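Notes for the structure review
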Amino acid sequence: MSADDYGILALDKAENLARGAALKWASGIFCRSDQLARLGHYRRRETQRNSSIQSRLKSAVQSYVEGVEQGVSQLRSSLTEVKEVQKSLREAQDIWKGSEELLTSLQPLRNLMTEHVQLTVVIQSLPYIYTVPEIICQTQSLINSQHFLEVHLHLRELESLRDDVLYRLQRVSPATESTNCTSNYNTDAAKLVQEFFAGVQELSEELGRTLFSLAHSAMSLASSDPTTLVSAVRIIEREENLDAAESRGPQRHPWKPPGRPKQWKNGFLQGLERGVCERLIGSSLEEEENINPTALAKHLKELQGRALEELRVTSSVLAPCFPPHYDVCRTVGMMCNRVISRHVRDILNFKLSHSALYQVLHWTIIVYPSEEMMGHPDVSPEVDLQELGPLISSKALEEQLNRYTRSVRTCLSQWIQKALEVEYMDWSREQEPDKDPEGMYMSSMLLLVMQMMAENIKLALVLGESLESRVKNAALHEMDNCLLWLREALVKYGIEHMKDRTIPKLYVPYLLATINGCTALSSSISYLQPDNPVSPVFKKAVPCLKTSLDKTQKKACHLLFDEIQIELQPLFLQIPSRPWLSGSDIMHRICEKVDNFSQYLSQAKAPMCQFLIIQMERMLVIEYVKGFMHNKMVCKSSGERIQMTERMSRDAEGLRVTLTRMGLEESTLCVPLILSLQEMFALKDPSLLCLEVSGLMTTYPDISDDHVLALLEVRGDVSRDLRHTVMNMMRQQALTLPEDYHPIFMSISVPAPASPFCLHPSSCA
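Predicted, not measured: the structure shown is a model, and the values here were computed from it.

Looking only at helices and strands, the protein features 28 helices and 0 strands. In the protein, which comprises 765 residues, the proportion classed as buried is 40%. Across the protein, contacts joining residues at least 24 apart in sequence account for 77% of those joining residues at least 6 apart. Summing over all exposed atoms, the protein offers an accessible surface of approximately 43,200 Å²; the carbon and sulfur share of this is 55%.

Okay, here's the thing in C-alpha cells:
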C-alpha cells in the first residue's frame, strides 16, 4: 500500500470521527421539538467558528513556511563560510611547514632565554642563599639546646627558600617546547639546588628523630618538663597541616617538595609506643628449657601493675599535653594492648610447663580484662575493653586451650602411671591394706586419681566452660586408661601369685581393697561423663567409664574366686565318690573353707558384698555339679541311689547354712539345683525320668543333652532305649532362654566321650 493510500485512509477515518462527534452533539442539543426553532442560530454560530479555525490554520502554515525559507538561507551562507575557513587553514598549514627550519634556528635563542631566567632566579635568591649555611648552624645549635619552636621556624624558612627556587626553575620551560635539551638543563639545575640545600633535609630528619625520642620518654617529660613536650606536639601538628595542604592542593608543577609528606605524627606515635613497650615489658623473660612458674607469676604481676600505672599517668599527666583530637588515653590504651599482646604471644611460644601455661592463660583470659587491670575504675572511662578486644585471637586461643588440654592429659597420664607403680609395689607388702573409717579394706589410689582430675577440671572451669569440657574429656580418657592399666596390673598380679601361692601373703586383702576402691569410685565417675559423645581435642569416641569400671571390678572378683576355687577343687573332685557316699567329711571341709573365706568377703563394701556372695553360691553349685559330670562313679544298686539322694540333701542343707552365715537370705540357685538333681536319683521307676528331665529343662532351659546323659550315667540303671527316649524328648522340648534367665549349665563343662576301642588303626579307616 502506498503513502497516498495511507493518507486517504487517514482522512476517511478523521471524517468519520468528525461526523460521529457532530451527530452526538446534535442529538444532545435537539432532543426536544421546541428546540428546532433555534436551528438557524446554531448554524450561524458554527459557520463563524469554522471560519475562525480555518483562518488560524492558514496563518500558522504561512508562518512555518516563512521560517523554513529563512533557515535554508542561513544554511547556504554557513556552508560558504566553512569553505572559506577550510581554505584559510590549508594556507596556514602550508606556511607552518615552510617555517620549520626557521623555528629550529631559534633554539639557541630559547636556551639563552632559559639560562637568563635561571640566572635571574639565582640573583634574586642570592641574599637569602648566602645565609643558608649560617642558618643551618644556628638551627643545629638550637636543636642541641632544645629550643624546638625556633628550630622549626628556621627550618620552615630554609624549606620555603629551597622550594621557591625549585618552583621557579620548574616554571622556566614552556609547555610548547619540542626538545628535551632545556628540560635536562632544568633537571641538572634542580639537582644542584637540592645538593646545596642537602643540609636542610638532614636538619629536618634530625629534628624528626629528636621529636621521636621525646615521644619515647613522653611520660617522664610530661612530669618534669611539659613545655618541651607541648612544643614538640605543636611542631608535629604544623607539619601534619603542611602535609595535608600539600595533598589537598592543586598539582601546579610536576614535582613535589623534597621530604613531603613527612608523616611525623606516625613517627611520633611509634616513638611513644616504643616507650610504652620499654616501660611495660622491662626485662623480658629469657627463653629457657622450662620457664620457672614462680618467676613467670612474678613477671605477670609486675606487668599488671606497670600497665595500670601507665594508664593512670597517661590520664592525669600526659593527656593535658596533647590536643583533644589525639585522644591520648585511648591511643595509649591501644598501644598497651598491642605491646602486651605481642609479649603474651612471645611467652606462649616458649616451652612452658603445665602450671606456667595455665598461669599465662588465666592472666590473659581472667586478669587482663578484670577490674584489677584494664577494667579498673580509674582506667575504664577512657579505655573501652570492647574496642581493645582479646589479647590473642580466637584461633590462637583455641590452639592454646588445646595445648593446655594435651598438657593436662600428659600430666595425668604420668601421675597415674607413677600411682599404679606405687600401688603395684604395695600389693607385695606384708602389711595389710589401708582401711576406711568403717574398717573395710580400701585402696585410695583411684580416689586420689579422681581427686586430681576434679582439681584440674575445677581449674579449667575458671577459664571457661569450653576448657572445662576439654579437660573433662581428657580426664575421662585417662581414667579409662587408668582402669585398663589397673586390669593389666591385676592380671600380672594374679599370674605372679599362681607361680607361688604363698606370696604375697596378703593377696586376697589387696584384691578386696581394689574392689572397694572401684566401688567408692563408682559414685563419682558420672562427674566425668560429658554430654558431647565425641572429644573436640582427641577426635575419638568417649569411653563409658561405668563399663570399664565394671570390667576392672569383675577382673578382681575373678582373681578372688580363682583363689578359693583352687582350694575347693580338690575337695569337689571327690564328689561323687564312694568315700563321699559312705559319709566322709568332704562337704564339712568345703563349708569350713567357705566360712573362712567369707571373712574376707565381709570386707567388701555394698553392693559388691552381696554380689560376691551370689557369685560364691554360683561357684559352689558349678563345682558341685561339675563333679557329677567328670567323675566316673556309677550307682550299682537302688541302695546306693538312695544313699546318694540322702547325701545330696545333707550337702544342700550344709551349703544353705553356710551361705546363710555369709549373709545370703535365701539360696535361689545352689540348694534348688542340687535338690532338683537329687530328684533324678530319687526316682525308683526309671520310666519316669522323661517327666523329671522335662521339669528340669523347664527350670533350667540351658541344660544340654550331655549334662543329662552324664547324670543318667551316674544313676546306673538307665537302659540305652530309655536314654534314647529321653534325648528325643529333650530335642522336641528344646526351649529358648528367657531374657531374665542367668545360664548356669553353660558354665559347667562336660568331658568329651571316649573314642571307641579299635583293634587296629586300619579298622577305623
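Here the focus is the pattern of salt bridges. Close approach of charged atoms allows side chains of opposite charge to pair. This model, assessed by the stated rule, comprises 28 salt bridges. Residue R641 is joined to D717 by a salt bridge in which the shortest nitrogen-to-oxygen separation is 3.4 Å. Of this pair, R641 sits in helix α24 (residues 638-662) while D717 is found in the loop between α27 (705-715) and α28 (720-732), placing the two residues 76 residues apart along the sequence. Judged by relative accessible area, which is 11%, R641 ranks as buried. Connected via shared salt-bridge partners are E273, R338 and R342.

What follows covers the side chain of E423. As for its position among the elements, E423 is in helix α16 (residues 394-426). Despite its burial, E423 remains without a salt bridge, the nearest opposite charge being carried by R429 at 7.6 Å. Not counting residues within four places of it along the chain, the set of residues in contact with E423 comprises S443 and M445.

What follows covers a nonpolar patch on the surface. A cluster of nonpolar side chains, namely V61, Y64, V65, V68 and V72, defines an oily patch on the protein surface of about 440 Å² accessible area. With respect to the helices and strands, V72 occurs in helix α2 (residues 39-98). With relative accessibility at 35%, the residue V72 sits in the partly exposed group.

In this model helix α20 (residues 545-572) runs 38 Å from its N-terminal to its C-terminal C-alpha over 28 residues, within 8% of the 40 Å that 1.5 Å per residue would give. At I566, α20 is deflected by roughly 35°, the largest bend along its length, and proline P570 occurs up to four residues later in sequence.

Caution is warranted with low-pLDDT regions, since their predicted coordinates should not be read in detail. Per-residue pLDDT for the protein averages 83, and the proportion of residues at 70 or more is 86%. The weakest mean pLDDT in the protein belongs to helix α7 (residues 181-196) at 60; the strongest belongs to α16 at 93. The model gives residues 173-185 a pLDDT under 50, and that stretch makes 12 contacts with residues more than four places away or in other chains.

Going through the model one piece at a time under the given rule, you end up with 13 aromatic pairs. For the pair W427 and Y493, a centre-to-centre distance of 4.8 Å together with 45° between the ring planes defines the contact as tilted. Of this pair, W427 sits in the loop between α16 and α17 (445-462) while Y493 sits in helix α18 (residues 465-499), and the two are 66 residues apart along the sequence. Here W427 and Y493 have matching classes, each one buried. Aromatic side chains F628 and F681 sit 6.0 Å apart centroid to centroid with 35° between the ring planes, which places their arrangement in the tilted category.

One way to put it is that α20 packs onto helix α23 (residues 608-630) with a least axis distance of 10 Å and a crossing angle of 35°. Considering only the axes of α20 and α23, their crossing is right-handed. For the pair α20 and α23, the contacting residues are Q553, K554, C557, L560, F561, I564, Q565, L568, Q569 and F572 in the first and M608, F611, L612, Q615, M616, M619, L620, E623, Y624 and G627 in the second. In terms of residue class, the contact of α20 with α23 is built from 13 nonpolar, 5 polar and 2 charged.

For helix α25 (residues 670-682), which comprises 13 residues, the first-to-last C-alpha distance of 18 Å matches the rise-based estimate of 18 Å (1.5 Å per residue) to within 8%. Of the residues making up α25, those classed as buried are C670, V671, L673, I674, S676, L677, Q678, M680 and F681. Check the buried side of α25 and you find it contacts α23, α24, α26 (689-699) and α27.

Below, the discussion takes up unusual backbone geometry. Of note, the amide linkage connecting I503 to P504 takes the cis form, showing an omega dihedral of -10°. Residue P576 is reached from I575 by a cis peptide bond, and omega for that bond is -5°. At Q263, a residue that is not glycine, the phi angle is positive and equals roughly 55°. Tracing the backbone through its elements, the reader meets Q263 in the loop between α10 (226-248) and α11 (264-281).

Turning to the packing of α17 against α18, a few remarks are in order. Here α17 crosses α18 at 165°, and the two axes come no closer than 8 Å. Looking at the two axes, α17 sits roughly antiparallel to α18. The way α17 lies across α18 gives a crossing that is right-handed. Side by side, α17 and α18 meet where M445, L446, V449, M450, M453, N456, I457, A460 and L461 of the first sit next to E465, L467, E468, V471, K472, A475, E478, M479, C482, L483 and L486 of the second. The residue makeup of the contact of α17 with α18, split by class, is 15 nonpolar, 1 polar and 4 charged.

Okay, the side chain of T364 next. You can see T364 is positioned in helix α14 (residues 354-367). Judged by relative accessible area, T364 falls into the buried class, the value being 10%. Beyond its immediate sequence surroundings of up to four residues, T364 is in contact with V344, P369, L391 and I392.

Let's shift gears to the environment of S582. Residue position: S582 is located in the loop between α21 (578-581) and α22 (586-601). Using a relative accessible area of 60% as the deciding quantity, one classes S582 as exposed. Sequence separation between S582 and E640 is 58 residues; the distance between their C-alpha atoms is 9.3 Å. A distance of 2.8 Å separates a polar atom in the side chain of S582 from the backbone oxygen of P579.

Checked against the element boundaries, I392 lands in the loop between α15 (385-388) and α16. Overall, the relative accessible area of 5% leaves I392 in the buried class. Placed 51 residues apart in sequence, I392 and S341 show a C-alpha to C-alpha distance of 6.3 Å.

Assignment of secondary structure puts C336 in helix α13 (residues 328-348). Along the primary structure C336 and L308 are separated by 28 residues, whereas in three dimensions their C-alpha atoms are 9.7 Å apart. Setting aside chain neighbours within four positions, we find C336 in contact with V276, L280, E310 and L311.

Conventions and cut-offs
- Residues take numbers from 1 onward in each chain, read along the sequence in its written order.
- Local features in this predicted model are restricted to residues whose pLDDT is 70 or higher, and side-chain atom pairs enter the listing and the counts only when it is 80 or higher, whereas totals over whole chains, interfaces and linings include all residues.
- Hydrogens and water molecules were not included; the side-chain quantities draw on all heavy atoms of the structure.
- Counting from the N terminus, the helices are the DSSP runs of H or I reaching at least four residues and the strands are the DSSP runs of E reaching at least two.
- Categorising residues by exposure relies on relative accessible area from a 1.4 Å probe, with only protein chains included: less than 20% of the type maximum marks a residue as buried, more than 50% marks it as exposed, and the intermediate range marks it as partly exposed.
- Should any heavy atoms of two residues lie within 4.5 Å, those residues are considered in contact.
- In short, Shrake-Rupley with a 1.4 Å probe defines the accessible areas, and a residue's cover is counted only from the protein chains shown.
- A carboxyl oxygen of Asp or Glu within 4 Å of a side-chain nitrogen of Lys or Arg is what we treat as a salt bridge.
- His residues and chain termini do not enter the charge count, which takes Lys and Arg as positive and Asp and Glu as negative.
- What makes a patch is a set of residues exposed beyond 30% relative accessible area and free of salt bridges, joined within 9 Å when like-charged and within 5 Å when nonpolar (Val, Leu, Ile, Met, Phe, Trp, Tyr).
- Helix span is expected to be 1.5 Å times the residue number reduced by one.
- The reported bend at a residue is simply the angle between two axes, fitted to the 7 residues ending at it and to the 7 residues beginning with it.
- pLDDT: the predictor's confidence for each residue, scored from 0 to 100.
- Between rings of Phe, Tyr and Trp, where Trp is taken as its six-membered ring, a pair exists when centres lie within 6.5 Å; planes separated by under 30 degrees are stacked, by over 60 edge-to-face, and by other angles tilted.
- For helices, the fitted axis covers only the stretch in contact; all axes are lines through C-alpha atoms, and the angles between them, taken along N-to-C directions, range from 0 to 180 degrees.
- Crossing chirality is assigned from the near helix's rotation relative to the far helix, an anticlockwise turn below a right angle marking it left-handed and a clockwise turn marking it right-handed.
- Any residue outside Ala, Val, Leu, Ile, Met, Phe, Trp, Tyr, Cys, Pro, Asp, Glu, Lys and Arg is labelled polar, Gly included; the first ten of those are nonpolar and the last four are charged.
- For classification purposes, angles smaller than 35 degrees are called roughly parallel, those larger than 145 roughly antiparallel, those between 65 and 115 roughly perpendicular, and all remaining angles oblique.
- Polar contacts here mean pairs of N or O atoms no more than 3.5 Å apart (in protein, one a potential hydrogen donor and the other a potential acceptor; neighbouring residues in sequence count only if both atoms are side-chain atoms).

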